Amino acid sequence: MAGFQLGNAIGLLISPIIMSQAGIFGPFVIFGLFGFLWVLVWLFATSSTPDKHPQISRYELNYIMKSQKLPMPDINEPEKSRMIPPFRKLLSKMPTWALISANAMHSWGYFVILSWMPIYFNTIYHVNLREAAWFSALPWVMMAVLGYISGAGSDMLIQNGTSVTSTRKIMQSIGFVGPGVALLCLNMARNPFVASAWLTAAVGLNSFSHSGFLVNLQEIAPQYAGILHGMSNTAGTLAAIIGTVGAGFFAEQMGSFRGFLMLTSLLYFISAIFWDIFATGERVNFDGAG
């Protein structure tokens, strides 16, 4: 995930430079072309499973399978047909809804900040957009760094005897309550430097969600992790659209972003409570009765 955040930081830093040289559409063209180039790398460098990768050695394959305690695959055995996922069963369990709500709130806060913070600094503190890029890029670097720390910290908690459920709740609580408090403090900041510090804290602490809901998908239902990710990410995408559009509409109607930041803080706190009540780190039975 650190690459995701560093990409945001780099994009925010170089976009004003590109626009000054190539016009407002310059970043779209350049980033789009880089996307096409990366697709070519991705297509030739990935495979569905380790045993299907054309460049993997037998030693590496044995090491991976033994580490995962999985039997060696039979490359001549045909793949079994996949059943339709039990969507009704998945949606009947509260841990699924905990994942959905967490992804939705994470995306809401993430993309609202990503989309609107340069303009926020421009309108509230009258910082020009090139300077605002520096103010807005720093938080994503911090998010990448704290993402590593949260991952190592969650592993350490589990190794020291803390249950997986408690660990996921601790990490996700930091990932929601921390940004919620930081955004409230951002609202009260009197100068752009203090505001930038609180914004950096809000975005950075948001990375603790990576050790909360984002890894919880594989824990509660490893056989349906992809389906759960798709379901929760759909909710996250819709929340991001609503939040990004809503922030602009709110600012236009009210003349300020401050009220919308307070709303976002409130949603962070509610989502943290919902997660702490219904989330689990144990495997959930989505196939049997009950």
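Residues numbered from 1 in each chain as written. Predicted model: local features only at pLDDT ≥ 70, side-chain atom pairs only at ≥ 80, totals over all residues. Heavy atoms only, no water.

Turning to the UniProt feature "transmembrane region" (unreviewed entry) in the chain, a few remarks are in order. Those residues carrying the UniProt feature "transmembrane region" (unreviewed entry) are residues 24-45, 97-117, 137-158, 170-189, 195-215, 227-251 and 257-278 in this numbering. Summarising residues 170-189: 95% helix, 0% strand, and an end-to-end C-alpha distance of 28 Å. The span residues 195-215 is 71% helical and 0% strand by assignment, and the distance between its end C-alpha atoms comes to 31 Å. (UniProt positions renumbered as here; feature names shortened; annotations may be inferred. Helix = DSSP H or I, 4+ residues; strand = E, 2+ residues; numbered from the N terminus.)

Glancing now at the packing of aromatic side chains. The geometry of an aromatic ring pair is captured by the separation of the ring centres together with the interplanar angle, meaning the angle of the planes. On inspection of all chains with the given rule, the structure shows seven aromatic pairs. Site record: aromatic cluster; members linked through ring pairs are Phe-4, Tyr-110, Phe-111 and Trp-140. (Phe/Tyr/Trp six-rings, centres within 6.5 Å; stacked < 30°, edge-to-face > 60°.)

Once that is clear, we can look at the packing of helix α5 (residues 94-124) against helix α7 (residues 164-188). Running from N to C, α5 and α7 cross one another at 30°; their axes reach a closest spacing of 12 Å. One element, α5, and the other, α7, form an angle in the roughly parallel class. Judged by the twist between their axes, the crossing of α5 over α7 is left-handed. Listed contacts from α7 to Ala-102, Met-105, His-106, Ile-113, Met-117 and Tyr-120 of α5 are Phe-176, Leu-183, Leu-186 and Asn-187. (Axes fitted to C-alpha atoms, helices over the stretch in contact; angles between N-to-C directions. Parallel < 35°, antiparallel > 145°, perpendicular 65-115°, else oblique. Left-handed = near helix turned anticlockwise from the far one by under 90°. Contact = heavy atoms within 4.5 Å.)

Bringing the side chain of Gln-5 into the picture now. Counting through the fold element by element, Gln-5 comes out in helix α1 (residues 2-22). Overall, Gln-5 belongs to the buried group, its relative accessible area being 0%. Polar contacts involving the side chain of Gln-5 include one to the main-chain carbonyl oxygen of Met-1, which spans 3.0 Å. Residues in contact with Gln-5, not counting those within four places in the same chain, are Tyr-110, Trp-140, Met-143, Ala-144 and His-210. (Buried < 20%, exposed > 50% of the residue type's maximum accessible area, 1.4 Å probe, protein only. Polar contact = N/O pair within 3.5 Å; in protein donor to acceptor, adjacent residues only side chain to side chain.)

What follows concerns the nonpolar core. Nonpolar side chains tend to gather and get buried jointly when the protein is soluble and globular. In terms of nonpolar packing, the biggest core is built from 53 residues, with Tyr-120 and Trp-140 touching the most fellow members. Elements that contribute at least two residues to this core include exactly α1, α5, α6 (129-159), α7, α8 (192-206), α9 (213-220), α10 (225-254) and α11 (258-278). Ranked by the residues each element gives to this core, the list is headed by α5, at 15 residues. (Core = buried A, V, L, I, M, F, W, Y, C linked by side-chain atoms within 4.5 Å.)

Here the focus is the packing of α7 against α11. Where α7 meets α11, the closest approach of the two axes is 9 Å, and the angle between their N-to-C directions is 165°. Viewed along their axes, α7 and α11 adopt a mutual orientation that is roughly antiparallel. The two elements α7 and α11 meet at a crossing, and its hand is left-handed. A per-class count over the contact of α7 with α11 returns 14 nonpolar, eight polar and four charged. (Nonpolar A, V, L, I, M, F, W, Y, C, P; charged D, E, K, R; others polar.)

Counting through the fold element by element, Gly-109 comes out in helix α5. Remark: the alpha-carbon pair of Gly-109 and Phe-4, spanning 105 residues in sequence, is separated by 15 Å. When sequence neighbours within four positions are dropped, the list of residues in contact with Gly-109 reads Thr-264 and Tyr-268.

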